[in-house]
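# Inside the fold
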Amino acid sequence: MSDFDLIVIGAGPGGYVAAIRASQLGLKTAIVERENLGGICLNWGCIPTKALLKSGEVYEQLSHLEAYGLSVSGRSFDFGKVVERSRGVAKQLTAGVAFLMKKHKIEVIEGAAKLEKAAGAPKVVVALKAGGSRTVTAKSVILATGARARTIPAIGAVPDGKAIWTYREALTPKTCPKSLVVIGSGAIGIEFASFYRALGAEVTVIEAVDRIMPVEDEEISKAAQKAFEKRGIKFRIGAKVSKVAATKAGVSVAIEAGGKAETLEAEVCIVAVGIAANTEDMGLEALGLKLDRGHVVADSHGGTNVPGLYAIGDVAGAPWLAHKAMHDGVHCVEHIAGVKTPTLTAPVPGCTYANPQVASVGLTEAAAKATGYELKVGRFPFKVNGKAIAASETEGFVKTVFDAKTGALLGAHMIGHEVTEMIQGYTIAMTMEGTEEDLFATVFPHPTMSEAMHEAALEAFGKPLHI
């Protein structure tokens, strides 16, 4: 007889949400965590970075108060307190996860898990934090071990605890560097570039391909680069990093771009070149678990090729987003419990919380064209939106991509103030298979920046009202 109905390995967003849903469905559940409840997201990722970014945003706004008819003198910051605030936010939410585990009667086992073959689902052997080990069994096991920052040892892009950082070191430095080089212009790289620039650091971002934020729509990428350059962030596009090395003054980063070699010098280098799944030292090879480029291969329900073993979130591949992991966790557990779940894959939005923010969902214009759709594309700038003008937040625009034949919304792309709070509107529309007529008929409140979403849909079909 098994000890539990379900054991979840990893207490990040995907894991702890899966455990909660399992408890709600009456499954006796345990969760194994080797470090912190909440995982990377709550402790070293999504949450503390947003706290830092908010501090940077407020500080930067102080230099633009004239636009609001206000003034302030003696602008300064205490970097230690900025970092301390972000750690406090993370700690508060981690405590909240602990409360949820207790409330739902989920047993938390602190330690590192290793899987061993068994007649049903693999056995879980936990090297306990407190010492010793404990073996537990369950009818089903979910891997939710997440991922970590990818490093490139061959060129020296490995954190050294001093001048070469990943996101983890970038969250808790003792002082604010005066200059830094960021390798990679994805969400993590751009967010740290935005934060440190807000506090006055000289920032250069290196991107290997021909534009920044390459997963975004090309128009958004170009607009983002212009906006960031206006804030003083420098870019090296189409540049290959050949060597990263610590120096007496900090770090040197050798690059090759356009056939020319260049060496950038800074106090710090942040390596933000993607992630690597946490699959090591867990006995997965002995189980014969199928991997693809380091990630666990799982079906639409999270099922793997090992009976009784499931995988969700970052460890199971892209998109590497906390909200996608949560969605995975609920879906997987409901499948395990025999609850009929929809097979339709919901669109997953992506957000970058820089200044300005970027948010998107669905296909880019280029991807939609490549798929063979005949398109209707709409755009609406915030510079003619009443709320944006009143708030002096007129930078950016909204872009919509529709199937011209059916009116289906294929994708939406936004850059501007707080667009990460608006993208859910388009996500709901796509999930519910909305068309242009549904968006036309939706009453958007006035005055709001979200009215630009309505106008961008109207503009795609030649019906804009305010431009």
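Our subject is the structure listed above.
Residues numbered from 1 in each chain as written. Predicted model: local features only at pLDDT ≥ 70, side-chain atom pairs only at ≥ 80, totals over all residues. Heavy atoms only, no water.

### A word on the environment of S242
Within the secondary structure layout, S242 lies in strand 12 (residues 239-246). A C-alpha to C-alpha distance of 5.5 Å links S242 and I255, two positions 13 residues apart in sequence. (Helix = DSSP H or I, 4+ residues; strand = E, 2+ residues; numbered from the N terminus.)

### Thoughts on the sheet that holds strand 21 (residues 357-362)
With respect to topology, five strands assemble into an open sheet ordered 20-21-24-23-22, the strand pairing being antiparallel. Edge positions in the sheet fall to strand 20 (350-352) and strand 22 (375-381), since each has one partner strand and no second. Mean inter-strand twist for the sheet, computed between neighbouring axes without regard to direction, equals 10 degrees. In this sheet, strand 24 (residues 409-416) lies alongside strand 23 (residues 396-403) in antiparallel orientation, the contact comprising seven bridges. Bridge assignment links K399 to a residue of strand 24, and that residue is H413. (Pairing = 2+ DSSP bridges. Axes fitted to C-alpha atoms, helices over the stretch in contact; angles between N-to-C directions.)

### Concerning helix 12 (residues 423-431)
Among the residues making up helix 12, those that are buried are I423, Y426, T427, A429 and M430. Looking down the long axis of helix 12, one finds its buried residues gathered within 160 degrees of arc, a one-sided arrangement. As for helix 12, its buried residues are in contact with strand 20, strand 21, strand 23, strand 24, helix 13 (436-441) and helix 14 (451-460). In the stretch just after helix 12, E433 is the one whose phi turns positive, near 55 degrees. (Buried < 20%, exposed > 50% of the residue type's maximum accessible area, 1.4 Å probe, protein only. Arc of directions from axis to C-beta. Contact = heavy atoms within 4.5 Å.)

### Considerations on the packing of helix 1 (residues 13-24) against helix 9 (residues 322-336)
Contact pair helix 1 / helix 9: the axes reach a minimum separation of 8 Å and the direction vectors enclose 30 degrees. Taken together, the axis directions place helix 1 and helix 9 in an arrangement best described as roughly parallel. As for how helix 1 packs across helix 9, the hand of that crossing is right-handed. In this structure, helix 1 contributes P13, G14, Y16, V17, A18, R21 and A22 to the contact, and helix 9 contributes A322, A325, M326, G329, V330, V333 and E334. Broken down by class, the residue content of the contact of helix 1 with helix 9 amounts to ten nonpolar, two polar and two charged. (Parallel < 35°, antiparallel > 145°, perpendicular 65-115°, else oblique. Left-handed = near helix turned anticlockwise from the far one by under 90°. Nonpolar A, V, L, I, M, F, W, Y, C, P; charged D, E, K, R; others polar.)

### A short note on the pattern of salt bridges
If the charged atoms of two oppositely charged side chains come close together, the side chains can form a pair. Applying the stated criterion to the full structure yields 21 salt bridges. Its salt-bridge partner being R134, residue E107 comes within 2.7 Å of it at the nearest N-O pair. Remark: R134 occurs in strand 5 (residues 133-136) and E107 occurs in strand 3 (residues 107-116); sequence separation between them is 27 residues. For R134, a relative accessible area of 29% gives the class partly exposed. With a shortest N-O distance of 3.3 Å, K369 and E365 are connected by a salt bridge. (Salt bridge = Lys/Arg side-chain N within 4 Å of Asp/Glu carboxyl O.)

### A word on the state of the cysteines
Within this structure, the stated rule accounts for one disulfide. Note that C41 is cross-linked by a disulfide to C46, the S-S spacing being 2.4 Å. Across the S-S bond of C41 and C46 the torsion is about -130 degrees, and the bridge reads as left-handed. We classify C46 as partly exposed; its relative accessible area is 28%. Free of any disulfide, C332 has its nearest neighbouring cysteine sulfur in C41, separated by 19 Å. A disulfide-free cysteine, C351 has its sulfur positioned 11 Å from the sulfur of C46, the nearest such atom. (Disulfide = S-S within 2.5 Å.)

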